[in-house]
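Observations on the three-dimensional arrangement
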Amino acid sequence: MNANQFATYMTDKIGPLPYCPGCGHATIIKALDKALVKLQPDPTKVVIVTDIGCIGLSDRYFITSAFHGLHGRSITYACGLKLARPDLTVITLMGDGACGIGGTHLLNVARRNIGITLIIANNFNYGMTGGQHSVTTPTDGITSTTPWGNPEAPMDLCGTAVAAGAAWVYRATTFDKNLPDVMADAISQDGFAMVEIWELCTAYYMPRNKLGKKELFDLLDSYGFKVGLQADRPRPEYSVRYRQAYEAGKSVLKKKPPIEKKFDNTVRKQTGIIIAGSAGQKIRSSATLFAEGAIFAGLNTTQKDDYPITVQTGHSVAEIIVSPETIEYTGIDSPDYFVLISEDGLKRTRAKIQKLPETCTLYADETLELPETKARVVRLPLEEVGKKVGKLSVATAALAALLEESGIFPAEAFNEAIRSFQSPKIAETNIKAVEAGIELVSKSSTVG
Amino acid sequence: MLEDYTMGYEFIEGNEAIARGAMQAKCDFFASYPITPASSILHYMNEFVPEAGGLVIQGEDEIASMGFCIGAAMAGRKVLTSTSGPGISLYSENIGLAIMGETPIVIVNVQRQGPATGSATKGAEGDIQFTRWVTSGGLPIIALSPATVGEAYELTYLAFNFAEQYRTPVFILTNKELGVTKESADLESIKLPPLVERKRVPSDLADYLPHFFECPEDVPAIADFGGGYVARYTTSTHDKAAYLTTNPNVIQEMIDHYIAKIEGAIDDITLVKKDFQPGAEILVISYGIISRSAAVAIREARSKGRKISSLVLQTLWPVPEKAIKSAMAGVKKVVVPEMNMGQYLVEIRRLAPPDVEVVGVSKMNTMLVSPQEILEQGGLL
């Protein structure tokens, strides 16, 4: 060993390790120190991540960087550090208690293959809080919370990690002479590596269950567990895989063109427009293009939508406001225009339609049976339009009819939005729908 | 990679404006778990961040997402996460950790009707006090509340500056009504201040103390994990070196520091919009999307000859007490409209002189508080 090398990665600055006499944790910490001495990393490039539990008292005894977080969450901080800085060596020390409260993180780090090293100190119970049972307490094991024997079956941590897809998994005990080498191997893996270490809690589990070295190995045998490598199947580490996937599938981010005023309008006050139909009828996207058309006509506009969480089923309602002034309140308490194109839309908005004021114009498909309303009703033969331009363009046609009939802004502004923001093929269909909508007005019938 | 995330006049929702504001602030790490009505922020960030060389990851749950964010932030990334009320519940313990470790992080809460699952697709602002008292210990955080798509963009950018400058979690409090409502907006026209980066320790320091301060209100310089120093971070009560301590004097000194660095900067953090009328007897104090209903109500009342002043709060936490107190001077009545059952009303009542009547216009039924309701229930007519 030359003078530039570290003879230890531990410091005695804050005193000796705080563990009970004979506790396996001290063996694990010293083995980790030897593993680091073997690998000789720059201490500022190593982070030891711990959480709550006796093993979590250890990070401050190292001369490396240290991150001591919430109970059971050390894997998440370790992943954050590693994702942010893939060049760091990130080693997480966790107890069997943390595997209970944070079990989902164990499954997911294994599955994702984020390149941290996870060392689990498994002593079959919670030492720090007084010897309660954990997810690895053997069946019939006596703990402070299972005084008559544990009725639960223990979790196989290695088996769980292997099943979750971990790239590298090793089962060890504190009695293994090769523990430093095993840890050094784990740390040297590019992807996720886990070492589960069986050990004795001399304060609680060992005296209560007469669990000594021999009984520990008997316990392993009784489960049919072997000490040694459980999985060694390297695959690209998460950050590498993430970049590869992104590079292979990326689309170049392009800015949409800004919307500039090109047309005039006749809107003199804040005007509320509601369009109601069925999910799958392109209500929301047609409404957005309509609103963008309004911006091309120099208006301010807002849009909010109401639709069920499912797709292609049930209602879809869009509320659009257009105004020559800044729009403050975005609710529509009294709509000026209402477009109703399907039964689903009617069902959802029936109460609103019944309350429409005389000043409102309701454009409704001619087949719908409308409730009583004070609104002026314009009936549109939308089924016919659907046959002509496709049922996905009915909403666009109905909104074009509204523009033609009301004259609030020119349909050409609607077309401008369609041309600007839709692919040429879809735009062509929708511009035909706008034409059909304009023609509809001459075929419409007005009531009231 | 885009140099700039604005493009003149466009039609975008609040959630997208938040994502753009974050990108403008050079956010390069984002983790969150899908939840309505915040999910589209995850989608937008997925579109923007990897393209700019950063990383977006969807955690297995909200707890993991916050854990990833805290780790990444301490390794030098500029970090954003977004969720809604139920997710904030799961963030709670980690928010405490972020306060304890003095972690710069921006957290967006696109609020929805609660409690519990409530109405996932409906708006409310029931998390106002929850944001302030979100974690064990009750130490201060910063929270900003945008009213428009433009402000969602601007305040998110400013939230990054505050997070970096004060090493603290900063919340953006919005709700479904702003998050997923599209508006015509020109983000390009919004002038942003220069970007603030966290103060990093010089490279030649003999002994790095992660929480070093001379005066309690000082913000400690950071050495990022992996940045050349041995860095330390801990959830436990600790000293300036981030070593666990049980010394009551040291613990109190640290607690005083966490409070002082936020409260000492209150003038810098205070963002309010004033529209005062000389001789006004009524003052409306509002925030977020409801300040827009208030604006319509005030315009209407003024058109009928009433004299009414308006104070719109963009900073909710820490409470901009000076601005609120000075706005209340001389008025007889203060009206506080909210999309909750009177949460900020508590703060206004606390600050109001005894002879000033404070009235809430409160509702939480998923609907916006309307201008008419403010006019009628606030007695503005």
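Bear in mind the structure is a predicted one, so any value in this text is a computation, not a measurement.

Before going further, it helps to examine the domain arrangement of chain B. Residue and element names in this part refer to chain B. Under the domain assignment used here, chain B contains domain 1 (9-189), domain 2 (204-269) and domain 3 (271-377). Contact with domain 1, which involves 16 residues of that partner, is made by 17 residues of domain 2. Grouping the amino acids of the side of domain 1 that touches domain 2 by side-chain chemistry returns 10 nonpolar, four polar and two charged.

What follows is about the interface of chain A and chain B. Chain A puts 53 residues into the contact, and the matching count from chain B is 54 residues. Elements with a minimum of two residues in the side of chain A that touches chain B: β2 (65-68), α2 (74-84), α4 (103-112), α9 (238-249), α10 (283-296) and β11 (300-306) of chain A. It is α2(A) that provides the largest number of residues to the side of chain A that touches chain B, a total of eight residues. Of the residues in the side of chain A that touches chain B, the class split is 23 nonpolar, 17 polar and 13 charged.

Moving on: the pairing of strand β11 (residues 282-287) of chain B. Sheet faces and side chains relate simply in a regular strand, where the side chains alternate between the two faces. Residue and element names in this part refer to chain B. With six of six residues buried, β11 is to be regarded as a mostly interior element. In β11, alternate side chains face the same way, and those of Ile282, Val284 and Ser286 on one face and Leu283, Ile285 and Tyr287 on the other are all buried. With six bridges connecting them, β11 and strand β12 (residues 308-313) associate as parallel partners. Each residue of the ladder has a partner; that of Tyr287, found in β12, is Leu313.

What follows deals with the nonpolar core. Ranked by size, the top nonpolar core spans 263 residues in total, and within it A:Ile119, A:Leu362, A:Ala398, B:Val106 and B:Ile142 carry the most contacts. For this core, the leading source of residues is helix α6 (residues 149-166) of chain B, giving 11 residues. Look past the residues within four positions of A:Ala398 in its chain and what remains in contact with it is A:Val339, A:Ile341, A:Tyr363, A:Leu380, A:Leu382 and A:Gly437.

Attention shifts here to unusual backbone geometry. For the peptide bond that leads from B:Thr36 to B:Pro37, omega is 0°, which places it in the cis range. Cis geometry marks the peptide bond from B:Trp317 to B:Pro318; its omega dihedral reads -5°. Examined against the element boundaries, B:Pro318 turns out to sit in the loop between β13 (315-317) and α11 (321-328). Even without glycine at this site, A:Gln40 takes up a positive phi of about 50°. Take A:Gln40: it is sitting in the loop between α1 (24-39) and β1 (46-50). Here A:Gln40 falls in the exposed class, since 12 other C-beta atoms lie within 10 Å of it. With a phi close to 55°, B:Ala116 is a non-glycine residue in the positive phi region. Mapped onto the elements, B:Ala116 comes out in the loop between β5 (105-111) and α5 (128-132).

About the criteria used
Residues numbered from 1 in each chain as written. Chains lettered and ligands numbered in written order. Predicted model: local features only at pLDDT ≥ 70, side-chain atom pairs only at ≥ 80, totals over all residues. Domains from an automatic or database assignment. Contact = placed C-beta atoms within 7 Å. Nonpolar A, V, L, I, M, F, W, Y, C, P; charged D, E, K, R; others polar. Helix = DSSP H or I, 4+ residues; strand = E, 2+ residues; numbered from the N terminus. Buried ≥ 20, exposed ≤ 12 C-beta atoms within 10 Å, placed from the backbone. Pairing = 2+ DSSP bridges. Core = buried A, V, L, I, M, F, W, Y, C linked by C-beta atoms within 7 Å.

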